[in-house]
Amino acid sequence: MELEPSTLHFCVNGRRVVEENVDPETMLLPYLRRNLRLPGTKNGCGSGGCGACTVMLSRFDPSTGQIRHYPANACLTPLCSLHGVAVTTVEGVGSTRTRLHPVQERIARTHGTQCGFCTPGMVMSLYALLRNHPQPSEEQLADALAGNLCRCTGYRAILDAGRTFCKVSGCCQSKENGVCCLDQGVNGAPGSEEGGQTSPECFSEEEFVPLDPTQELIFPPELMMLAKKQPRKSRVFKGDRMTWISPVTLKDLLKAKSKFPQAPVVMGNTSVGPEMKFKGIFHPVIISPDGIEDLNVIKQECNGLTLGAGLSLAQVQDVLADVVQRLPEEKTQTLHALLQQLQTLAGSQIRSMASLGGHIVSRHLDSDLNPLLAAGSCTLHVLSEEGARQIPLDERFLDRSPSADLKPQEVLLSVTVPYTRKWEFVSAFRQAQRKRSARATVNAGMRVFFGGDGVITELSILYGGIGPAILCATDTCRKLLGRPWTEDTLGEACRLVLGEVIIPGAAPGGRVEFRRTLLVSFLFRFYLQVSQSLSRMDPSRYPSLAGGNESALADLHPALGRGTFEHQGMDPMQLPQDPIGRPIMHLSGVKHATGEAIYCDDLPAVDRELSLAFVTSSRAHAAIVSMDLSEALSLPGVVDIVTAKHLGDANCFAEETLLATDKVLCVGHLICAVVADSEVRAKQAAKKVRIVYQDLEPLILTIEEAIQHNSFFETERKLENGDVEAALQMADQVLQGTVHMGGQEHFYMETQSMLVVPRGEDQEMDVYVSTQFPRYIQDIVAATLKLPANKVMCHVRRVGGAFGGKVIKTGVLAAVTAFAAHRLDRAVRCVLERGEDMLITGGRHPYLGKYKVGFKNDGRIVALDMEHYNNGGSTLDESLWVVEMGLLKMENAYKLPNLRCRGRACRTNLPANTALRGFGFPQAGLITEACLVEVATKCGLSPEEVREVNLYQGIERMPCGQEINTEGLARCWSECKAKSAFSLRRAAVDRFNAGSPWKKRGLAMVPLKFPVGIGNVAMGQASALVHIYLDGSVLLTHGGIEMGQGVHTKMLQVVSRELKMPMGNIHLRRTSTETIPNANASGGSVVADLNGLAVKDACQTLLRRLEPIISKNPRGTWKDWAQAAFDQSISLSAIGYFRGYESNIDWEKGEGHPFEYCVYGAACSEVEVDCLTGTHKNIRTDIVMDVGHSINPALDRGQVEGAFIQGMGLYTSEELKYSPRGALHTRGPDQYKIPATCDVPAELHISFLPPSENSNTLYSSKGLGESGVFLGCSVLFAIWDAVSAARRERGLPGRLALSSPLTPEKIRMACEDRFTSMIPRDAPGSYVPWDVPI
Ligand SMILES: Cc1cc2nc3c(=O)[nH]c(=O)nc-3n(C[C@H](O)[C@H](O)[C@H](O)COP(=O)(O)OP(=O)(O)OC[C@H]3O[C@@H](n4cnc5c(N)ncnc54)[C@H](O)[C@@H]3O)c2cc1C
Ligand code: FES
Ligand code: FES
């Protein structure tokens, strides 16, 4: 066959692209961003797991004349696979310069964007959905967005945007008994006891531009011509290292496979792509068939359905949905089960790209389809130049046994799924960390066929996710043949399976006992499903399910999240043009949606720009014996490698060391930095740096180990009031306990990014960086370069999410990048990949709380002695400050008359943990709540009763002595109780639980008191700069960073109110140390508070100056007044300043007035738990907040919802896994599960109290950035309530020990039953576990 290089033709946004020399290693994402300068498509993970890179691909099939539009992850799409394809990116959908597409308009106007980094991906997923279904159903909407992650919004607003296109957008469509769930509330209880009217929506649907499918980009006619006319000849693309062959006929495919038998047949590249990228597997030749009809067959024959190996999983899903509807149920058991698995397999992008053949042949250990295809006795049709043959898709094929596998030169043509027979039943099962877009922890395919006498004649049981291969319980199946379908058989089956399917204690992936339990839990569910079907088919012979066992089969509450919002009405006297208090859209909302919003890595390449990649430690505590840079330095394109030696005495800045010198203190410790002429080359060279380590002792990973080794940062912090010892003596009861809380990854969607540009004159440096603290970056860079700060300017337009994680470590990364730029006198860019980012940067501190609590029998706490330990990691970072804030806020909403609380930051061999939204409070508050729950259990009271009896009331003093007015707290608590119909729903939950042994519901309500303030006046100072130009337009600058919270929008609202000027007249470019020097970090919920007061001050200065001019010409315009001021030599530029809130704290005495005000709130959550799998669904959350006077209710609602969902992730699903040697296992969205659209509560009701407190804050508003995170723990306590109900019913002694996160694993193992007691347990110390709890 000829291997003449071909030309690649495709279209992007309707424009033809022709590439003569395409490198087969190039993916579409970098090509769009760098080569075509279309940076709207974002890189959030590079692994198909986040959806930020979603584009729409359109393929024309000349044989059918059909065009297929589908969403795809550009990060996994090889450029060479795009011949003849039309690519649509967010830029092609619409723009502010042409017209907005309705999707873009609606996602912005429904307030579905915050930082905006995920928004282009969301837009493209919705756009692709609408291209295929202009009026989608809710289920289709849920499906379309399942593969897109957002860390800011909490998704509700995005779903609302999507819903505006749905057939019935005003209803949940999840009708139980014909009643909308919002009408009936949950469990039959009304939506709100007060029947509260929600305020007018924050957007108006009537104003939306209608969707007009005829306006969409058409498929480029030239590509159609190309497809019709091009010769049926293989295309070949040759790169430096790789050759790509695209055969277009079956004959050529077989020829290519025969010539290059080792070359993979790349279809969707969703398996080969990640393997090459993350596992370092390299293929010199790739064969990628294109448009070969034989691979796309769909044949319904008399014995089964044959599906071409080239069909995408999404196409398979469509075919199955159709066939299952048309054929009798008894024939479609396997097809039905396949369809069920496909509904939760990955997101719609992956399913649209991945092929059935690729799925089968790649044989992933957690494949959702293969166990089922094998159980269903499917047959593979394979072909080579030597001829065709069939091989069974069975255990031996799945185990890659050479005699049962494809030969290297063979290709898979199709697979036949046999129809099932009468009395044959097939089921599929899966449990994953998240309901959608998460690989299975364990999955299974099971099939049984009963002979005429009702005994088991055929049985197949296969499990995935359990070990090095998908496993068939062959022996078990054989031994059960001939047995009747009874409870006894089930018991025997469980025993046999546990004896046959062995998951060793040290198994990769951990969760060993959970996985063992799932093996038998699934078996039980299969038993019930089949029993139910048998009973339906022959009720006289088979009894219906008894004892509430149907509850094991019911699906968890399925509804997709939707919400209501009740906010403060406007003062009727407020001028209509005054925007304060109005739900103004995020200033950049539309630009987020069109991809025009520029983030750091979207900046165009600078002349001769270089890339920097870090080399990090693979050991947690070791001496660096030697470092060999020679191979890395010799690679083409490598320009330099920066080490600690080069940095010399500039290697240290305050507490931070930039690069390791002679030893490393954690896995991920920065060792050196490779600088090369491209990102790919820098990364390749970084892998070639050879480092020899010698491990050092001790290795300290956990808090317990730190305590044991007395490994702490600084001295302890302590707060004390009252007489704890005496009060403990007086208590009716005393309890001691410990609470452990795991950490959290920031998972900002935009990873750490920076571009440093030497200006070539006077040693000036411009640092463009994604940070919350430009001043710190300026300081650390200036110190590293030994330059005065006035030579180093740091600029931030916007940040794609930060949450506390873009301060200290960002400074270190920027300092090294700047050093390289300075040394080489060339611009240097450094953008961390998701995995590197997760490895190098720390996150929220894991906490250990120990308490001794004395209380009265009515639940009143009289004494609390508490110790907090946080896991600080290897350097101090902000760990001590986190301890302090945790202590100052630890009592949450409760009056604890006698309290002693001590806190320490532990020094361990982990990357330094740092600030993360809530800053110690989500951990400290949880420990106190857990203690209260224990007290409630002891007193035989509900947790809510104990919470209520201990609530602060009226004017109170916090443990640090600061006086607070807690009226808002009592109102939030009582309103939340009323709005959530707590008592009615409590009774309904109990009723539900009484009849449902396998699904339990739980209800919990928690109060919130979140003190806002920094504890230091200087750290609260802020400046702003307002210029009025002669045309009357205004340019505003302030020191706050826009990271999604909408601070720039609020600041424009402030200027608009103060200057009585339309917001459209005011512009804000970016935050820069050049315009606002010495600004404080943006964080701690106070960015709008502090900067707003500075902005207000600047405006008032201008107004004072201009007042004589304005009063002389009150009907004039700003243009008139500006010109008049200029003519009179009055300055039109003013600096505004706010010196910071008065605050102080004396840690010697443990006293002070550290906070300015408190945000109060309460949340009530209800969940449903599946006791067999540990999965839960949040079915309703009600949140009531006292937010003062909201400056912008739409943005504030977004902050509350986003924080709540982030908190829900913290407390229920996000789990960092470390190896016993301190290496982070969870390095991407595949392993670390932040909440996704499926996790939004089915109902999310938010209401803001009418303003209750006058304060000296900005227009009496309150900062809401952090407080809502804590409310996520209402979900944890609701789960606890549900699990407790299960345990009570089962007569289990003891309580479920509270720890966070409360994951499916913990839930399942706490719902002890005959299955958990059946599994083998390993003696501690008898194996080395895969992970250790940190
Ligand atoms: C983010 C993400 C999430 C995922 N989630 C899930 C999940 O929840 N559940 C699940 O089960 N899977 C999941 N997967 C795995 C996914 O299902 C597989 O990667 C996919 O099905 C592979 O198909 P492909 O066409 O992309 O394969 P490719 O990567 O193109 O090829 C894979 C392998 O198959 C071989 N091959 C392909 N076609 C043929 C053929 N016709 N003849 C011979 N050999 C062939 C290739 O040689 C190669 O070795 C996920 C993957 C990603 C990236
Ligand atoms: S960047 Fe492609 S899915 Fe995350
Ligand atoms: S708005 Fe979705 S990640 Fe920030």
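For clarity, every value in this text was computed on a predicted model and none was experimentally measured.

Parameters at a glance
Residues numbered from 1 in each chain as written. Chains lettered and ligands numbered in written order. Predicted model: local features only at pLDDT ≥ 70, side-chain atom pairs only at ≥ 80, totals over all residues. Heavy atoms only, no water. Helix = DSSP H or I, 4+ residues; strand = E, 2+ residues; numbered from the N terminus. Polar contact = N/O pair within 3.5 Å; in protein donor to acceptor, adjacent residues only side chain to side chain. Contact = heavy atoms within 4.5 Å. Phe/Tyr/Trp six-rings, centres within 6.5 Å; stacked < 30°, edge-to-face > 60°. Lys NZ or Arg CZ within 6 Å of the ring centre and 35° of its normal. UniProt positions renumbered as here; feature names shortened; annotations may be inferred. Buried < 20%, exposed > 50% of the residue type's maximum accessible area, 1.4 Å probe, protein only. Axes fitted to C-alpha atoms, helices over the stretch in contact; angles between N-to-C directions. Parallel < 35°, antiparallel > 145°, perpendicular 65-115°, else oblique. Left-handed = near helix turned anticlockwise from the far one by under 90°. Nonpolar A, V, L, I, M, F, W, Y, C, P; charged D, E, K, R; others polar. Salt bridge = Lys/Arg side-chain N within 4 Å of Asp/Glu carboxyl O. Pairing = 2+ DSSP bridges. Core = buried A, V, L, I, M, F, W, Y, C linked by side-chain atoms within 4.5 Å. Near = heavy atom within 4 Å. Areas by Shrake-Rupley, 256 points an atom, 1.4 Å probe, with all protein chains shown as cover. Expected span 1.5 Å × (residues − 1). Arc of directions from axis to C-beta. pLDDT = per-residue confidence, 0-100.

Tracing the chain through its elements places Ser1261 in the loop between β48 (1243-1248) and α38 (1268-1271). Of the polar contacts made by the side chain of Ser1261, one reaches the backbone oxygen of Leu1258; its length is 2.7 Å. In contact with Ser1261, other than residues within four places in its own chain, are Tyr1157, Val1187, His1189 and Ile1191.

Before going further, it helps to spend a moment on the packing of aromatic side chains. Under the counting rule described, the total for this entry stands at 22 aromatic pairs. Members of the aromatic cluster, each reached through a chain of ring pairs, are Phe425, Phe429, Phe450, Trp485, Phe522, Phe526 and Tyr527. Looking at Arg241, its charged tip hangs above the ring of Phe282, at a distance of 4.2 Å from the centre. Over the aromatic face of Phe397 sits the side chain of Arg363, whose NZ or CZ is 4.2 Å from the ring centroid.

Once that is clear, we can look at the UniProt feature "active site" (unreviewed entry) in the protein chain. Within the UniProt annotation, "active site" (unreviewed entry) is assigned to Glu1266. With respect to the helices and strands, Glu1266 occurs in the loop between β48 and α38. In this structure, Glu1266 is in contact with Arg917, Gly918, Phe919, Phe1010, Gly1084 and Ser1085, ignoring residues within four places of it in sequence. Of note is the side chain of Glu1266, whose polar atom sits 3.2 Å from the backbone nitrogen of Gly918.

Under the local residue numbering, the UniProt record ascribes the feature "binding site: [2Fe-2S] cluster 1" (unreviewed entry) to Cys45, Cys50, Cys53 and Cys75. Spanning 31 residues, the named residues nonetheless gather at one spot, since no C-alpha pair among them exceeds 10.2 Å. Along the polypeptide, Cys45 turns up in the loop between α1 (28-35) and β3 (54-61). Other than its neighbours up to four places away in sequence, Cys45 contacts Cys50, Phe278, Arg834 and Pro1229. Here Cys50 is to be found in the loop between α1 and β3. Residue classification places Cys50 among the buried residues on the basis of a relative accessible area of 2%. When residues no more than four places from it in sequence are discounted, the contact partners of Cys50 are Gly44, Cys45, Gly147, Asn148, Leu149, Met749 and Pro1229.

Our focus in this paragraph is the packing of helix α11 (residues 313-326) against helix α12 (residues 333-344). For the pair α11 and α12, the least separation of the axes is 9 Å and the interaxial angle reads 140°. Between α11 and α12, the crossing angle belongs to the class labelled oblique. Judged by the sense of rotation from one axis to the other, the crossing of α11 with α12 is left-handed. Listed contacts from α12 to Leu313, Val316, Gln317, Leu320, Ala321, Val323 and Val324 of α11 are Leu335, His336, Leu338, Leu339, Leu342 and Gln343. Looking at the contact of α11 with α12, its residues break down into 10 nonpolar, three polar and no charged.

Per the counting criterion, the structure on display carries 88 salt bridges. For the salt bridge of Arg619 with Asp695, the shortest nitrogen-to-oxygen distance reads 3.0 Å. One end of the pair, Arg619, is in the loop between β19 (610-616) and β20 (622-628); the other, Asp695, is in strand β26 (residues 690-695), with 76 residues separating them in the sequence. When salt bridges that share partners are traced, they join Arg33, Arg34, Lys42, Asp601, Asp602, Glu609 and Arg829 into one network.

This next bit is on the sheet that holds strand β40 (residues 1034-1038). Across a sheet, strands are paired by hydrogen bonds formed along the backbone, either parallel or antiparallel in direction. With mixed pairing, four strands are arranged side by side in an open sheet as β41-β40-β39-β43. Both edges of this open sheet fall to β41 (1066-1068) and β43 (1133-1138), since each of them pairs with a single strand only. Between one strand axis and the next, the sheet turns by 25° as a mean value, whatever way the strands run. Helix α34 (residues 1047-1059) contacts β40 and β41 of the sheet and is inclined by roughly 130° relative to β40. Each of β39 (1022-1028), β40 and β43 is contacted by helix α35 (residues 1087-1112), which is oriented at about 140° to β43, the strand it contacts most.

The subject of this paragraph is the nonpolar core. Among the nonpolar cores identified, the biggest contains 202 residues, and Tyr463 and Met1185 are the most heavily contacted of them. Ignoring sequence-local partners within four residues, the contact set of Met1185 consists of Cys972, Leu1008, Val1159, Tyr1160, Gly1161, Val1200, Ser1247, Phe1248, Leu1249, Leu1264, Ser1267 and Leu1271. One finds Val85, Ile286, Val324 and Leu338 within the second-largest nonpolar core, a separate group that totals 74 residues.

Regular strands show a simple pattern: their side chains alternate between the two faces of the sheet. The element strand β10 (residues 304-308) is extensively covered by neighbouring structure, given that five of its five residues are classed as buried. Bridge count for strand β9 (residues 298-300) against β10 is three bridges, and the pairing is antiparallel. Bridge assignment links Gln300 to a residue of β10, and that residue is Leu305. Following β9, the chain reverses through three residues before pairing antiparallel with β10.

This part is about the site of ligand 1. The environment of ligand 1 is formed by 34 residues, the closest being Met267, Thr270, Ser355, Asp368 and Leu412. In the complex, 94% of the free accessible area of ligand 1, which totals 990 Å², lies under the protein chains. Mapped onto the shell around ligand 1, the elements with two or more residues apiece are α14 (356-362) and β13 (411-418). With five residues, α14 is the largest single contributor of residues to the shell around ligand 1. Residues of the shell around ligand 1, tallied by class, amount to 17 nonpolar, 13 polar and four charged.

A few words on the packing of helix α18 (residues 487-500) against helix α19 (residues 512-537). Packing of α18 against α19 leaves a shortest axis separation of 10 Å and a crossing angle of 155°. It follows from the interaxial angle that α18 and α19 lie roughly antiparallel. Both α18 and α19 take part in a crossing whose hand is right-handed. In this structure, α18 contributes Glu487, Leu490, Ala493, Cys494, Val497 and Leu498 to the contact, and α19 contributes Arg516, Leu519, Val520, Leu523, Phe524 and Tyr527. Of the residues belonging to the contact of α18 with α19, the class tally is 10 nonpolar, no polar and two charged.

Another point: helix α33 (residues 982-994). In a regular helix each residue adds 1.5 Å, so 13 residues correspond to 18 Å; α33 covers 18 Å between its end C-alpha atoms and thus fits that length. Looking at α33, one finds that the buried residues are Phe982, Arg985, Arg986, Ala988, Val989 and Asn993. Down the axis of α33, the buried side of the element spans an arc of 165°, and every buried residue falls inside it. Turned more than 90 degrees off the buried face of α33, the exposed positions are Ser983, Arg991 and Ala994. Tucked into the core, α33 has its buried residues touching α31 (943-950), α32 (967-979), β38 (999-1012), β46 (1157-1170), β47 (1176-1186) and α39 (1273-1289).

One rule of thumb: low pLDDT means the predicted coordinates there are not for detailed reading. Per-residue pLDDT for the protein chain averages 95, and the proportion of residues at 70 or more is 97%. Of the regions scoring below 50 in pLDDT, residues 169-200 engages in 72 contacts with residues more than four places distant in sequence or in other chains.

Because each turn of an α-helix spans 3.6 residues, side chains separated by three or four positions in sequence point in the same direction. All of the buried residues along α31 are Pro943, Glu944, Val946, Arg947 and Asn950. Seen along its axis, α31 keeps its buried residues to an arc of 165°; they face one direction.

A cis amide bond, omega -10°, links Glu697 with the succeeding residue Pro698. Looking along the chain, the bond that leaves Ser1300 and enters Pro1301 is cis, with omega of 0°. Of note, Pro1301 is situated in the loop between β49 (1299-1300) and α40 (1304-1310). In this model, Phe747 sits at a positive phi of 50°, which is unusual for a non-glycine residue. Considering the arrangement of structural elements, one finds Phe747 in the loop between β28 (733-741) and β29 (753-758).

A large share of strand β33 (residues 847-855) lies buried, amounting to seven of its nine residues. Across nine bridges, β28 lies against β33 in antiparallel orientation. Bridged to Leu735 within β33 is Val853. With nine bridges joining them, β33 and strand β34 (residues 861-873) adopt antiparallel strand pairing. Across the sheet, the residue bridging to Lys850 is Glu867, located in β34. Where β33 hands over to β34, the hairpin turn is made up of five residues, of which Gly859 adopts a positive phi near 95°.

Right, let's get into the sheet that holds strand β8 (residues 285-287). Taken together, three strands build an open sheet; the order of strands is β6-β7-β8 and the sheet is mixed. Because the sheet does not close on itself, it has two edges, and the strands there are β6 (235-238) and β8. Shown here is a sheet whose adjacent strand axes are inclined to one another by a mean of 15°, direction ignored.

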